[in-house]
Amino acid sequence: MQHTDSEELGDGHQINRGGRCHGPIDQPNPENLTTGKRAMSIHSARLVAAQMRMRRAGLGFVHKCSSKAGIASMQDPSLRDTGSLMAIAASAPQQPEASMDATYCEPTHGLALRSTLRKDKSAAKGFEFFNNVRVYFDSEIEHRCLLRFMTRNDIAEIHSQALLFQYHDEIGKPHEHTIDYLLIYKDGWRDGIVVKPERKRGEMLDLIDRMKAHPSSKQVDDFQFLSETYGTIEAAENAEFILWSREFHNDQEVADLLEVVRIINSYVRFGDLMRSCRDIDDRRVAIWRLIDLGVLFSPTGERITELTYLARNPAQ
């Protein structure tokens, strides 16, 4: 019997003398190749479409930025805890419905000492509206932090570039610093917020200590340093959905969903809560509304999608 360098197996594969299989002899099915290419094309198109949507939404930095820190949760542990969100929302005065003859109030700059609307290539600048006040931001980190501030139910006012503080450096030379945000809570507490990248944490904490040593620090009750570990991309996207739910939620759908959620004793997927409902769009908004009220939350603090596991807050 004459041996060759390779032998053909019964299933169309070839095996050489070393025992290594080289795959089928037959040529691949052209239909399978076409299907594979089509699947890759659809996947790539979806990625491009998602990137375009995020650029239009001001989140084009998502695919450029890599966060080394963990994902922060929606429970906002970095700032003050003022109690139950359900109680805060229930005690909040109801906004009167707008009428045709209602007087329009022009948004103000609040306590801002300066605006930051001049565009440049090195920074993303703009503003958001909060309680009829135009709140400015100088960077993407500030914008993401601002979105998280706006989702809190216990903050009454947000002002950007609002207060000027004095401090002295190592050699005693006087300096001035304007904080990025002033948060005024509904109980009157005032927080001065300094927002910078995480790599500047040590420098900014030293700056805060120097400002606290000066009498001008009496303008606020406390200072906070926040970075991209607080203003994460995931938290900013969740915050946008929460703000959306406040405007478009249906009270009856929220009440119906609350009855369903109260019997849940374990984790449930976001998408499972949209089963057997009258209107899937109203139910989606209602889920985000309960997340806003603290009834539902993501234990991992991840970007919430239909596949995210949610848990019911036993305190609510």
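In what follows, the structure referred to is the one given above.
The paragraphs below set out a description of the structure included in this document. Computed from a predicted model, the values in this text were never measured in an experiment.

About the thresholds
- Residues numbered from 1 in each chain as written.
- Predicted model: local features only at pLDDT ≥ 70, side-chain atom pairs only at ≥ 80, totals over all residues.
- Heavy atoms only, no water.
- Pairing = 2+ DSSP bridges.
- Helix = DSSP H or I, 4+ residues; strand = E, 2+ residues; numbered from the N terminus.
- Core = buried A, V, L, I, M, F, W, Y, C linked by side-chain atoms within 4.5 Å.
- Buried < 20%, exposed > 50% of the residue type's maximum accessible area, 1.4 Å probe, protein only.
- Expected span 1.5 Å × (residues − 1).
- Contact = heavy atoms within 4.5 Å.
- Axes fitted to C-alpha atoms, helices over the stretch in contact; angles between N-to-C directions.
- Parallel < 35°, antiparallel > 145°, perpendicular 65-115°, else oblique.
- Left-handed = near helix turned anticlockwise from the far one by under 90°.
- Nonpolar A, V, L, I, M, F, W, Y, C, P; charged D, E, K, R; others polar.
- Salt bridge = Lys/Arg side-chain N within 4 Å of Asp/Glu carboxyl O.

## Side note on the pairing of strand 8 (residues 174–178)
The pairing of strand 7 (residues 164–168) with strand 8 spans five bridges and is classified as antiparallel. Looking across to strand 8, one finds that H168 is bridged to P174. Where strand 7 folds back on strand 8, the antiparallel hairpin that results is connected by five residues, among which G172 adopts a positive phi of roughly 85 degrees.

## Quick notes on the nonpolar core
In terms of nonpolar packing, the biggest core is built from 21 residues, with L146, F149, I158 and Y181 touching the most fellow members. Broken down by element, this core gets its largest block of residues, six residues, from helix 3 (residues 140–151). Counting 20 residues, the second-largest nonpolar core is a separate cluster that includes I242, L257, V261 and L296.

## Quick look at unusual backbone geometry
We note that N131 has phi near 50 degrees; this positive angle belongs to a residue other than glycine. You can see N131 is positioned in the loop between strand 4 (126–130) and strand 5 (133–137). Its identity is not glycine, yet Q161 carries a phi of approximately 50 degrees, on the positive side. Assessed through its relative accessible area of 2%, Q161 is described here as buried.

## Thoughts on helix 4 (residues 201–212)
With 12 residues, helix 4 extends 16 Å between its outermost C-alpha atoms, agreeing within 8% with the 16 Å of an ideal straight helix rising 1.5 Å per residue. Those residues of helix 4 hidden inside the fold are in contact with strand 7, strand 8, strand 10 (190–195) and strand 11 (222–226).

## Points about the sheet that holds strand 13 (residues 296–297)
With antiparallel pairing, three strands are arranged side by side in an open sheet as 12-14-13. Here the strands that pair on one side only, and so sit at the sheet edges, are strand 12 (268–269) and strand 13. Taken together, the two bridges between strand 12 and strand 14 (residues 309–312) define a ladder with antiparallel strand orientation. Bridging from a neighbouring strand, R269 pairs with Y309 of strand 14.

## Description of the packing of helix 3 against helix 5 (residues 233–248)
Running from N to C, helix 3 and helix 5 cross one another at 40 degrees; their axes reach a closest spacing of 9 Å. Considered as vectors, helix 3 and helix 5 are oriented oblique to each other. Handedness of the helix 3/helix 5 crossing: left-handed. When helix 3 is examined against helix 5, the residues R144, L147, R148, M150 and T151 are found in contact with a partner set consisting of I233, A235, A236, A239, E240, I242, L243 and R246. In the contact of helix 3 with helix 5, the residues fall into eight nonpolar, one polar and four charged.

## Comments concerning the pattern of salt bridges
Considering all chains together, one arrives at 15 salt bridges under this definition. Across the pair D222 and K212 runs a salt bridge, and its minimum N-O distance is 3.7 Å. Separated by 10 residues along the polypeptide, D222 in strand 11 and K212 in helix 4 bring together distant segments of the chain. Relative accessible area serves as the criterion here: at 24%, D222 is assigned to the partly exposed category. The class of K212 is partly exposed, set by a relative accessible area of 42%.

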